Amino acid sequence: MNQNNLLATLQENRLMQTEEQVTNFENALAEIAENPDENKLSAYHLILDDQCQQPEVMFSLIHFLESFDIEKQITAFINVVPQLMITAPEWTRIIHSRILNDVSACGVYQNLLHSANLKNPHFLYHLLEESIVNKLQVRESVLL
């Protein structure tokens with residue numbers, strides 16, 4: 001099956017309300033993971049949905065997203081944050097927290113958010129950037 005069909009399968013089954021939807025989702029994600037397309041990173045992020053009935057299965061998508069180059073994954077995340085906050089605010093928070101808890105990813109995140117704010121200011125980018133600064137200040141105070 002081609003990437004677009006697999007992506008459509010993920011989208012159609014993202015709520016995982018039946019065993020068949022869970023199986024379809026898992027199979028499509030496994031097939032995508034065999035030949036991931038970094039050009040579809042933003043679309044992969046937009047599969048996340050807080051209405052999903054099987055969050056442990058959805059976490060497999062999070063792990064898949066984290067398998068990409070960190071700069072590309074974070075760039076895709078930043079690009080879709082305004083949309084993702086509508087359908088998946090909890091998953092957005094989870095990704096944000098996971099990035100903040102990784103020291104090297106946090107630095108990349110801060111730089112990319114700063115650049116995004118300069119190019120295309122958005123209040124969400126500003127809030128995310130502030131949370132990075134706060135997290136870094138907490139880390140510094142703990143180290144002192």
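A brief structural summary. (Residues numbered from 1 in each chain as written. Predicted model: local features only at pLDDT ≥ 70, side-chain atom pairs only at ≥ 80, totals over all residues. Heavy atoms only, no water.)

**A word on helix H1 (residues 3-13)**
This is how it is decided: When accessible area is computed with a 1.4 Å probe and restricted to protein chains, residues below 20% of their type maximum are described as buried, those above 50% as exposed, and intermediate ones as partly exposed. Where helices and strands are cited, they refer to DSSP runs of H or I of at least four residues and of E of at least two residues respectively, numbered from the N terminus. What the arc covers is the set of directions going from the helix axis to the C-beta atoms. Contacts are assigned to residue pairs that have any heavy atoms within 4.5 Å of one another. We define a polar contact as two N or O atoms separated by no more than 3.5 Å, with the added condition that, inside protein, one atom must be a possible hydrogen donor and the other a possible acceptor, whereas residues neighbouring each other in sequence contribute only through side-chain atom pairs.
Residues Gln3, Leu6, Leu7, Thr9, Leu10 and Asn13 constitute the buried set of H1. Take H1 and look down its axis: the buried residues cluster within an arc of 155 degrees, on one side only. At its buried positions, H1 is contacted by helix H2 (19-34) and helix H3 (41-45). At the N-terminal boundary of H1, the capping side chain belongs to Asn2, with an oxygen 3.0 Å from the backbone nitrogen of Asn4.

**Let's talk about the nonpolar core**
Heads up, the condition is: To form a nonpolar core, buried Ala, Val, Leu, Ile, Met, Phe, Trp, Tyr and Cys residues must be joined to one another through side-chain atoms within 4.5 Å.
By size, the foremost hydrophobic cluster in this structure holds 44 residues, and its most contacted members are Phe25, Leu48, Leu61 and Tyr109. Broken down by secondary-structure element, the contributors of at least two residues to this core are H1, H2, H3, helix H4 (55-66), helix H5 (70-87), helix H6 (89-100), helix H7 (103-119) and helix H8 (123-143). Here this core takes seven residues from H5, the largest share from any one element. Those residues in contact with Leu61 that lie beyond four places of it in its chain are Phe25, Leu29, Tyr44, Ile47 and Leu48.

**Section: unusual backbone geometry**
Positive phi, close to 50 degrees, is recorded for Met16, a residue that is not glycine. With respect to the element layout, Met16 can be found in the loop between H1 and H2.

**Notes on H5**
The cut-off we apply is this: Bend at a given residue is defined as the angle between two axes, one fitted to the seven residues that end at that position and one fitted to the seven that begin there.
Bending of H5 peaks at approximately 65 degrees at the position of Val81, with proline Pro82 no more than four residues after it. For H5, the set of buried residues is Gln73, Ile74, Ala76, Phe77, Ile78, Val80, Val81 and Leu84. Capping the start of H5 is the job of one residue whose side-chain oxygen sits 3.2 Å from the backbone nitrogen of Glu71: Asp69.

**Structural notes on the environment of Leu29**
By secondary structure assignment, the location of Leu29 is in helix H2. Relative accessible area serves as the criterion here: at 7%, Leu29 is assigned to the buried category. On a C-alpha basis, the gap between Leu29 and Ala8 in space is 11 Å, while along the polypeptide they are 21 residues apart.

**Quick look at the packing of aromatic side chains**
So the rule is basically this: Any two rings among Phe, Tyr and Trp, with Trp reduced to its six-membered ring, count as a pair given centres within 6.5 Å; such a pair is stacked if its planes are under 30 degrees apart, edge-to-face if over 60, and tilted if neither.
Taken as a whole and assessed by the stated rule, the structure comprises five aromatic pairs. Measuring from centroid to centroid gives 6.2 Å for Tyr44 and Phe68, while their planes differ by 35 degrees, and the two rings are tilted. Of the two residues, Tyr44 sits in helix H3 while Phe68 sits in the loop between H4 and H5, which places them 24 residues apart along the sequence. Three or more aromatic residues joined by ring pairs form one cluster here, namely Tyr44, Phe64 and Phe68.

**Focus on the pattern of salt bridges**
Stated precisely, the cut-off is as follows: Here, a salt bridge means any side-chain nitrogen of Lys or Arg that lies within 4 Å of a carboxyl oxygen of Asp or Glu.
A complete count under the given rule lists four salt bridges for this structure. With its nearest N and O atoms 3.1 Å apart, the salt bridge here joins Glu38 to Lys72. With Glu38 in the loop between H2 and H3 and Lys72 in helix H5, the pair connects residues that are 34 residues apart, well separated along the chain. With relative accessibility at 41%, the residue Glu38 sits in the partly exposed group. In this structure, Arg98 and Glu66 form a salt bridge, with 2.5 Å as the shortest nitrogen-oxygen distance. Of the two residues, Arg98 sits in helix H6 while Glu66 sits in helix H4, which places them 32 residues apart along the sequence.

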